[in-house]
Amino acid sequence: MESPITPLSDKIVILPQEEGEQTYGNIVVPDMGQEKPEIGIVLAVGPGRISTDGTLIPNRLKVGVTVMVPKFGAQTVTIENETYIIAGESDVLGIIKQKDETYPEFTEKHYKKEDNE
């Protein structure tokens, strides 16, 4: 599905998944009427944000990945009877990996400081 919205800056457009019990690999997200994060598929990704020195920092998220965003931390819009979520890349709580999927750009080595001693 193509997004009718073109995101700017570090924003992403997400198509939320249906409410109810959702299963992702071994993770079950039950529908218990409590506040839980929105889960959906990324439909469009903006170019990225501009750093203080003027260089473009591209988004790390890609179209097609399943992500979680806070229920009240993102904007919800309805266009042609379809609901979309617009959030910043920094608002994403996490990527939900399906079985046998890996995301090398989000591996642990990128977040550890390398010891050069």
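Below, the structure is looked at part by part. (Residues numbered from 1 in each chain as written. Predicted model: local features only at pLDDT ≥ 70, side-chain atom pairs only at ≥ 80, totals over all residues. Heavy atoms only, no water.)

## As for the overall build of the protein
When helices and strands are tallied, the protein shows 0 helices and 10 strands. Ordering the α and β elements of the protein from the N terminus gives β-β-β-β-β-β-β-β-β-β. For the protein, with 117 residues in total, the buried portion stands at 32%. Long-range contacts, defined here as pairs at least 24 residues apart, represent 62% of the contacts in the protein between residues at least 6 apart. Surface summary for the protein: the accessible area is close to 8,400 Å², and the carbon and sulfur share equals 50%. (Helix = DSSP H or I, 4+ residues; strand = E, 2+ residues; numbered from the N terminus. Buried < 20%, exposed > 50% of the residue type's maximum accessible area, 1.4 Å probe, protein only. Contact = heavy atoms within 4.5 Å. Areas by Shrake-Rupley, 256 points an atom, 1.4 Å probe, with all protein chains shown as cover.)

## Concerning the side chain of Glu89
Structurally, the position occupied by Glu89 is in the loop between β9 (82-88) and β10 (94-96). Put simply, Glu89 is tucked away with no salt bridge, and the nearest opposite charge, on Arg60, sits 4.2 Å away. Separated by 2.5 Å, the side chain of Glu89 and the backbone nitrogen of Arg60 make a polar contact. (Lys, Arg positive; Asp, Glu negative; His and termini not counted. Salt bridge = Lys/Arg side-chain N within 4 Å of Asp/Glu carboxyl O. Polar contact = N/O pair within 3.5 Å; in protein donor to acceptor, adjacent residues only side chain to side chain.)

## A closer look at the sheet that holds strand β4 (residues 38-45)
The 6 strands are arranged β8-β9-β1-β4-β7-β10 in an open sheet whose pairing can be described as antiparallel. The sheet is open, and its two edges are formed by β8 (75-79) and β10, each paired on a single side. The average angle at which neighbouring strand axes cross in this sheet is 45°, direction not considered. Note that β4 and strand β7 (residues 66-69) share 4 bridges and pair antiparallel. Residue pairing across strands places Glu38 opposite Val69, the latter belonging to β7. (Pairing = 2+ DSSP bridges. Axes fitted to C-alpha atoms, helices over the stretch in contact; angles between N-to-C directions.)

## Quick word on unusual backbone geometry
One non-glycine residue, Glu80, adopts positive backbone phi at about 50°. Along the chain, Glu80 falls in the loop between β8 and β9.

## Overview of the pattern of salt bridges
According to the stated counting rule, one finds 2 salt bridges in the structure shown. Note that Asp10 is salt-bridged to Lys11, the shortest N-O span being 3.6 Å. For Glu38, the salt bridge goes to Lys71, with nearest N and O atoms at 3.2 Å. Within this pair, whereas Glu38 is found in strand β4, its partner Lys71 is found in the loop between β7 and β8, the two being separated by 33 residues in sequence. The buried category is assigned to Glu38, whose relative accessible area is 16%.

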